[in-house]
Amino acid sequence: MDSAPDTDAGGAHADSPHAGLEVLIQVRGLRKTFELPHPVLDRLRGRPPHRIHAVDGVCLTLRRGQTLGLVGESGCGKSTLARCIVGLMPPDAGQILYAGPGGTAPTDLAALDDAAWRPYRRRLQMVFQDPFSSLNPRQRVGDALTEVLAVRGLCAPEQRPARCAELLRQVGLTAADAARFPGEFSGGQRQRIAIARALAVGPELLVADEPLSALDVSIQAQILRLLLDLRDRLRLTMLFVSHDLRTVRYVSDTVVVMYLGRVVEHGPAAMVFERPRHPYTQALMASVPGVGALDAGLAGDVPSAIHPPSGCPFHTRCPYRMPRCVEEPPPLRDLGGGQSAACHLVGPDAVAAGEAGAM
């Protein structure tokens, strides 16, 4: 039977609340694999190396001023996708279309070499999960910020100390902190420094990759409030990667759910959280009241990314599995209101076939 056409995760349909927002980044068919170390016996026998399919044909859209929450279990490809978008990893295939200011024609960042990427790096910045390893322990905070300003040529040498002080105050620290080393700060303060470094170049997109998970619970709320304040004050677009569903619901305009390298559902945050349509998303939402792992309510283990299942990647754990799910990969189907899901149990054809049930 015919299915609805594929849709971009994070895209805005005509009836979506985000339809009027200008596109900043559009990802199309992005793929990224990693080759595992080749065992000696396999190499001697001429067997091909194993490959992990970390990102498998992902499409999504980031709109200016929007916060897109990216969720899924550990190993689903969230961080790999984020690193590809900001240029820290080259994708194997697909496009990353960046729409420049003033409505200029989009540039495919995935097609650029390192030299051509350079002018775009300041526009796309990332805050990493671990503030302890993202800073040079032998470099004073002021020197780290000044180095960014100098390399990018953002201000004259005599203006850099004042700009460093401004950046530190912007994230809740003081100008005197510029003379200290990272080891003299707490985890939350280090994350503030990492955020200041990302903001030093005046980015349009801030990618926050699990920015709270390495911090004490008492500090997480402070850093989250800081990120939201900076987003609103500086008019940033944000990609917020997290396993904490409650936080994602709080900060996001749109939510994209990934499973085994693929997008299985996306839509406005309120719709996805209040009425999830994909069985995997439903299981994740059922785990929200719990603390810790996302796999509450999910049967079985995540399949191998080296040998992903045929058909729907979730069929090995899905309580609604049908023979069709094992054989045929479901496309992302438009469900209205900007929400889409990759499941054979949703969409007009499923309803007509009487398969939708409680979906």
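Residues numbered from 1 in each chain as written. Predicted model: local features only at pLDDT ≥ 70, side-chain atom pairs only at ≥ 80, totals over all residues. Heavy atoms only, no water.

## Brief notes about the overall build of the protein
Working step 1: Scanning the protein for helices and strands turns up twelve helices and twelve strands.
Working step 2: For the protein, the residues scored as buried account for 51% of the 359 residues in total.
Working step 3: The contacts of the protein with a sequence gap of at least 6 include a subset with a gap of at least 24, amounting to 67%.
Working step 4: Summing over all exposed atoms, the protein offers an accessible surface of approximately 16,200 Å²; the carbon and sulfur share of this is 52%. (Helix = DSSP H or I, 4+ residues; strand = E, 2+ residues; numbered from the N terminus. Buried < 20%, exposed > 50% of the residue type's maximum accessible area, 1.4 Å probe, protein only. Contact = heavy atoms within 4.5 Å. Areas by Shrake-Rupley, 256 points an atom, 1.4 Å probe, with all protein chains shown as cover.)

## Overview of the pattern of salt bridges
Working step 1: Counted by the stated rule, this structure contains 16 salt bridges.
Working step 2: Between Asp-232 and Arg-231 there is a salt bridge whose closest N-O contact spans 3.1 Å.
Working step 3: Between Glu-274 and Arg-249 there is a salt bridge, and its shortest N-O distance comes to 3.8 Å. A residue pair is termed long-range when its members are at least 10 positions apart, and Glu-274 in helix H9 (residues 269–274) and Arg-249 in helix H8 (residues 245–251) qualify at 25 residues.
Working step 4: Connected through shared salt-bridge partners, Glu-22, Arg-64, Arg-123 and Glu-204 make up one network. (Salt bridge = Lys/Arg side-chain N within 4 Å of Asp/Glu carboxyl O.)

## Quick look at the confidence of the model for the protein
Working step 1: For the protein, the mean per-residue pLDDT works out to 86, and 85% of the residues sit at or above 70.
Working step 2: A low-confidence stretch, residues 1–6 (pLDDT under 50), is modelled with twelve contacts involving residues beyond four sequence positions or located in other chains.
Working step 3: Within the model, pLDDT remains below 50 along residues 290–296, and this stretch shows eleven contacts once partners closer than five positions in the same chain are excluded. (pLDDT = per-residue confidence, 0-100.)

## So, unusual backbone geometry
Working step 1: Residue Glu-210 is not a glycine yet carries a positive backbone phi of 50 degrees.
Working step 2: By secondary structure assignment, the location of Glu-210 is in the loop between strand E7 (205–209) and helix H7 (217–234).
Working step 3: The residue Leu-260 is not glycine, and still its phi comes out positive at about 55 degrees.
Working step 4: With respect to the secondary-structure elements, Leu-260 resides in the loop between strand E9 (254–259) and strand E10 (262–268).

## Observations concerning helix H2 (residues 78–85)
Given 3.6 residues per helical turn, the α-helix brings residues three or four places apart onto the same face.
Working step 1: Where burial is concerned, most of H2 is hidden: six out of the eight residues are buried.
Working step 2: All buried positions along H2 are accounted for by Lys-78, Thr-80, Leu-81, Ala-82, Cys-84 and Ile-85.
Working step 3: Downstream of H2 by a residue or two, Gly-87 has a phi angle that is positive, lying close to 90 degrees.

## As for the packing of helix H4 (residues 141–152) against helix H5 (residues 160–170)
Working step 1: Packing of H4 against H5 leaves a shortest axis separation of 9 Å and a crossing angle of 115 degrees. Regarding the angle of H4 to H5, the classification is roughly perpendicular. Read as a crossing pair, H4 and H5 show a hand that is right-handed. Of the residues in H5, those in contact with Val-141, Gly-142, Leu-145, Thr-146, Leu-149 and Ala-150 of H4 are Arg-160, Arg-163, Cys-164, Leu-167 and Leu-168. (Axes fitted to C-alpha atoms, helices over the stretch in contact; angles between N-to-C directions. Parallel < 35°, antiparallel > 145°, perpendicular 65-115°, else oblique. Left-handed = near helix turned anticlockwise from the far one by under 90°.)

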